[in-house]
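# Chains, contacts and geometry: an overview
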Amino acid sequence: MNIAVKNNNNIQIAELDRKVANADYHQTDAIFLPQVSVGYTALTTNNPLNAFGFLLQQESVAAADFDPSKLNNPGATQNYGASVDVKMPLVNLDLIYARKAAKKQDEVYKYKAAYMKDYISFEVQKAYTQLQFAYQAREILSRTLVDVKQIHQSVENFYNKGLVQKSDVLNAQVQVNTIESALAKAESNIANASDGLNLLMNGGDDSKSQLYITDSLEQKSNLEVSPEFSMNRSDVMAMQSALDASKAMVKSSAMNFLPKINAFGSYQLNDSKIFKFQNDSYLAGINLSWTIFSGNQNRSKVRSAIFQRDKMKREVDDYIDKSKLEVNKTARDIQDLNIEIRKQQSSVEHAYEALRITNNRYKEGLASTTDLLTSQAQLSQQQLGLAQAVMTYNITRYYQELLTTIK
């Protein structure tokens, strides 16, 4: 689980999503901080108005420049200017609420990243338990194969002595083939479960599959889990933060109807020669802008934001309702599995006893080969059923832990 939390690709993607959301949030720092830009411009013109403007910017106007013939035909005039421009936001209420929405969106991905770690941990526990079951199934089938082969050998000996029919030998061979096929599948399941576990841990793409060894499959009864739904669960908190973000966007859209106040300033250096900075000037001011009518754009934007908020509210309510149902269902599943495990344990004991009695009767010639093979198959089936019930119980307990985890 520690390796998966550190290396799993889905967790790393979730962390990158969180970083993207955090970077998007910090883009809104611009509503409080100034924007500063520098530029250098080289211009040439023979336009009378612009040419005289260049002279004014260069602070080089002389009496001779007012000669009408020169004013009307100034010839090519150059201006080389460097500038520093500053914009400073002052009052933009729509952007303030947009920043709050971005902050909530950042929280959404923070909670999603936390939930992804919990979910991948559950997936590791699930894959590990499935691998435990695969080993348990192999062990059961291996023991069964040994017993069935002994029965087959015994039947063959009886057949050679003329004590049983050929059909008894064939039935025993069919059972041997069936168990061998199931055992081969169990071996494949071990490899498949190991590959799945390796993928969760991002163990690489080596050409050779790595087989993992587990401890024995036992019923987990020591998990401390409170089977109650909590609003503080990471995935629920993510949904709540998304709803808060949509509410902030409604306020941001509404604030578009209010005026905006921003400051600006510019400092310029102009000269008739390139890379000369002799004559300076500045311009500073405050701008108040108020969009009285935007062609219904702002009004429609507010309505769209309200609909998005209402949609998100319904999605959150639906998600919470389904989560509560899932928590309750999982608690009932655990109770049912407890009963099933007890029944399976009893069935295994009965199957053992039935096999023992049938085996004794078979040795005395009171039971057929088919009866013995049926009893052996029944025991194997009940043992596999018990192992599967324990596996399902453990996975369900881990799932309950995921559903009730509070971060």
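Residues numbered from 1 in each chain as written. Predicted model: local features only at pLDDT ≥ 70, side-chain atom pairs only at ≥ 80, totals over all residues. Heavy atoms only, no water.

### Overview of the side chain of Asn256
What counts is decided by this rule: Helical segments are the DSSP runs of H or I of at least four residues, strand segments are the runs of E of at least two, and each set is numbered from the N terminus. Note on classification: 1.4 Å probe, protein chains only; a residue is buried when its accessible area is under 20% of the maximum for its type, exposed when over 50%, partly exposed between these limits. Two residues form a contact once any of their heavy atoms are found within 4.5 Å.
Among the structural elements, Asn256 can be located in the loop between helix 7 (234–254) and strand 3 (260–271). Assessed through its relative accessible area of 10%, Asn256 is described here as buried. In this structure Asn256 touches Asp94, Asn298 and Lys301, once residues within four positions along its chain are discounted.

### Brief notes about the environment of Ala134
As for its position among the elements, Ala134 is in helix 5 (residues 93–160). Look at Ala134 and you get buried, because its relative accessible area is 4%. Counting along the chain gives 59 residues from Ala134 to Ala193, while the straight-line C-alpha distance between them is 7.8 Å. In this structure, Ala134 is in contact with Asn189 and Ile190, ignoring residues within four places of it in sequence.

### So, the nonpolar core
Heads up, the rule is: Note on terminology: a nonpolar core comprises buried Ala, Val, Leu, Ile, Met, Phe, Trp, Tyr and Cys residues joined through side-chain atoms within 4.5 Å.
Ranked by size, the top nonpolar core spans 29 residues in total, and within it Val155, Leu217 and Ile341 carry the most contacts. Mapped by element, the contributors of at least two residues to this core are helix 5, helix 6 (166–200), helix 8 (297–363) and helix 9 (369–403). With twelve residues, the top contributor of residues to this core is helix 9. The contact partners of Leu217, leaving out residues within four places of it in the chain, are Thr129, Gln132, Phe133, Gln136, Ala387, Val390, Met391 and Asn394. If you look at the next biggest cluster of nonpolar residues, it comprises 14 residues, including Val124, Ala127, Ala193 and Met201.

### Examining unusual backbone geometry
Phi angles above zero are rare outside glycine, and Glu59 is one such case at about 55°. Along the chain, Glu59 falls in the loop between helix 3 (48–57) and helix 4 (68–72). Looking at Glu59, the relative accessible area reads 53%, which means it is exposed.

### Some points on a nonpolar patch on the surface
Definition in use: Residues enter a patch when their relative accessible area is above 30% and they make no salt bridge; the linking distance is 9 Å between like charges and 5 Å between nonpolar side chains (Val, Leu, Ile, Met, Phe, Trp, Tyr). Note on areas: these come from Shrake-Rupley sampling with a 1.4 Å probe, and a residue is covered only by the protein chains present in the view. By definition, a salt bridge exists where a carboxyl oxygen of Asp or Glu is found within 4 Å of a side-chain nitrogen of Lys or Arg.
Together, Val36, Val38, Val84, Val86, Tyr267 and Tyr282 make up an exposed nonpolar region whose accessible area comes to about 610 Å². Of all the secondary structure elements, the ones that give two or more residues to the nonpolar patch are strand 1 (35–45) and strand 2 (77–91). The topology assignment puts Val84 in strand 2.

### Here we look at the sheet that holds strand 4 (residues 279–289)
The line we're drawing: By this definition, two strands are paired if DSSP reports at least two bridges between them. Axis geometry follows a simple rule: fit a line to the C-alpha atoms, using only the stretch in contact for helices, then measure angles between N-to-C directions, giving values from 0 to 180 degrees.
One open sheet holds the four strands; their spatial order is 1-2-3-4, and the pairing between them is antiparallel. Two strands lie at the open edges of the sheet, namely strand 1 and strand 4, each paired on one side alone. Adjacent strand axes in the sheet meet at a mean angle of 20°, parallel and antiparallel pairs treated alike. This element, helix 3, spans strand 1, strand 2, strand 3 and strand 4 of the sheet and lies at about 75° to strand 2.

### Observations concerning the packing of aromatic side chains
Condition: Two rings from Phe, Tyr or Trp (for Trp, the six-membered ring) form a pair when their centres are within 6.5 Å of each other. A pair whose planes differ by under 30 degrees is stacked, one over 60 is edge-to-face, and the rest are tilted. Note on geometry: a ring has a charge over it if NZ (lysine) or CZ (arginine) is within 6 Å of the ring centre and within 35 degrees of the ring normal.
Applying the stated criterion across every chain yields a total of seven aromatic pairs. Arranged with centres 5.9 Å apart and planes meeting at 55°, the rings of Phe158 and Tyr362 form a pair that is tilted. Of this pair, Phe158 sits in helix 5 while Tyr362 sits in helix 8; the two residues are 204 residues apart in sequence, bridging distant segments of the chain. For Tyr362, a relative accessible area of 8% puts it in the buried group. Put simply, the rings of Tyr115, Tyr119, Phe122 and Tyr399 pair up and form one aromatic cluster. The residue whose ring lies beneath Lys110 is Tyr111, and the NZ or CZ to ring-centre distance is 5.0 Å. Lys112 extends its terminal NZ or CZ atom over the ring of Tyr109, reaching a point 5.1 Å from the ring centre.

### A word on helix 3
The condition is simple: Directions drawn from the helix axis to the C-beta atoms are what define this arc. A 3.5 Å cut-off defines polar contacts: any pair of N or O atoms within that distance qualifies, except that in protein one atom must be a possible hydrogen donor and the other a possible acceptor, and neighbouring residues in sequence count only when both atoms are side-chain atoms.
Within helix 3, burial applies to Ala51, Phe52, Phe54 and Leu55. The arc enclosing the buried residues of helix 3, seen along the axis, measures out at 150°, which places them on a common side. Residues Leu49 and Leu56 are exposed on helix 3 and point more than 90 degrees away from its buried face. Against strand 1, helix 4 and strand 2 lie the buried residues of helix 3. With a side-chain oxygen lying 3.0 Å from the backbone nitrogen of Leu49, the N-terminal cap of helix 3 falls on Asn47.

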